[in-house]
Amino acid sequence: VQVWSVPDGAAVGKPLVFPSGLMGVVFSPVGRRVIVGSINQSQIFDVASGAPIGPVLPGADMARGAAFSPDGRRLVVIKGQVATVVDAATALPVLPPLTHGGAAQYPTFSVDGRVLSTCSGDGLIRLWSMETGDLLAEPTFQQPHFTAPVVARDGTLAVMAPDGRQVVAFSAAG
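Overview of the structure. Just so you know, these numbers come straight off a predicted model, no measurement behind them.

**Some words on the nonpolar core**
Item 1. Membership of the largest hydrophobic core comes to 13 residues, with the highest contact counts inside it found for Ile35, Ile44, Leu57, Ala66, Leu75 and Val77.
Item 2. For this core, the secondary-structure elements that each account for two or more residues are strand E6 (52-58), strand E7 (66-68) and strand E8 (74-79).
Item 3. Contact partners of Leu57, with chain neighbours within four places excluded, come to Ile35, Asn40, Gln41, Ser42, Val77, Val86 and Ala91.
Item 4. In terms of nonpolar packing, the next biggest core, distinct from the first, is built from 12 residues, Ala67, Ala83, Val85 and Phe109 among them.

**Overview of the sheet that holds strand E4 (residues 33-37)**
Paired through their backbone hydrogen bonds, the strands of a sheet run either parallel or antiparallel.
Item 1. A sheet is described by the order of its strands in space; here 4 strands give the open sequence E3-E4-E5-E6, paired in antiparallel fashion. Both outer strands of the open sheet, strand E3 (24-27) and E6, are each paired with one neighbouring strand and no more. With strand direction ignored, the average angle separating the axes of adjacent strands in the sheet is 15 degrees.
Item 2. In this structure, E3 lies alongside E4, joined through 4 bridges in antiparallel fashion. Within E4, the position partnered with Val26 by the bridge is Ile35.

**Examining the pattern of salt bridges**
Item 1. For the coordinates displayed, the defined rule picks out 4 salt bridges.
Item 2. The partner of Arg64 in a salt bridge is Asp61, and the shortest N-O contact between them spans 3.8 Å.
Item 3. Close ionic contact of Asp122 with Arg126 constitutes a salt bridge, the shortest N to O distance being 2.8 Å. Arg126 matches Asp122 in its accessibility class, with the two residues each being buried.

Reading the values: rules and limits
Residues numbered from 1 in each chain as written. Predicted model: local features only at pLDDT ≥ 70, side-chain atom pairs only at ≥ 80, totals over all residues. Heavy atoms only, no water. Core = buried A, V, L, I, M, F, W, Y, C linked by side-chain atoms within 4.5 Å. Buried < 20%, exposed > 50% of the residue type's maximum accessible area, 1.4 Å probe, protein only. Helix = DSSP H or I, 4+ residues; strand = E, 2+ residues; numbered from the N terminus. Contact = heavy atoms within 4.5 Å. Pairing = 2+ DSSP bridges. Axes fitted to C-alpha atoms, helices over the stretch in contact; angles between N-to-C directions. Salt bridge = Lys/Arg side-chain N within 4 Å of Asp/Glu carboxyl O.

Here it is in structure tokens:
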């Protein structure tokens, strides 16, 4: 994987060596780090040096999503029914596993980074405290499936249901 500068088309850093079928790439907010991955594993890299950061994240499924916190210090990866929050500088877990009732997907941070939203194959949206890893409230709104959440600048979390006609909005300010 090679990172390129948009303004001048020059290569940035060394190529990122990733061994298996690439499914996704997510940059940290300031672009210093990037996670690349497949459906079986993911790896965080330093963009400038091309060096891997921390261990490979086995089972981290990039097809289900990954997200850096707004300050770039944390990263959420998905493996089956579990969202794992890791330190972006070490790739080591910083909170207990965030377990869902179905396949987890679409991790999205609030603007201040204090709340993480996830969707799940059980049709529920969950809001998690990024200080403790605890659920902020019991999930109550259930749909067969959700599209990726969008977090507005004012902290409102808007989620569109799959039929394209219904939008659910609520505060994710914690």
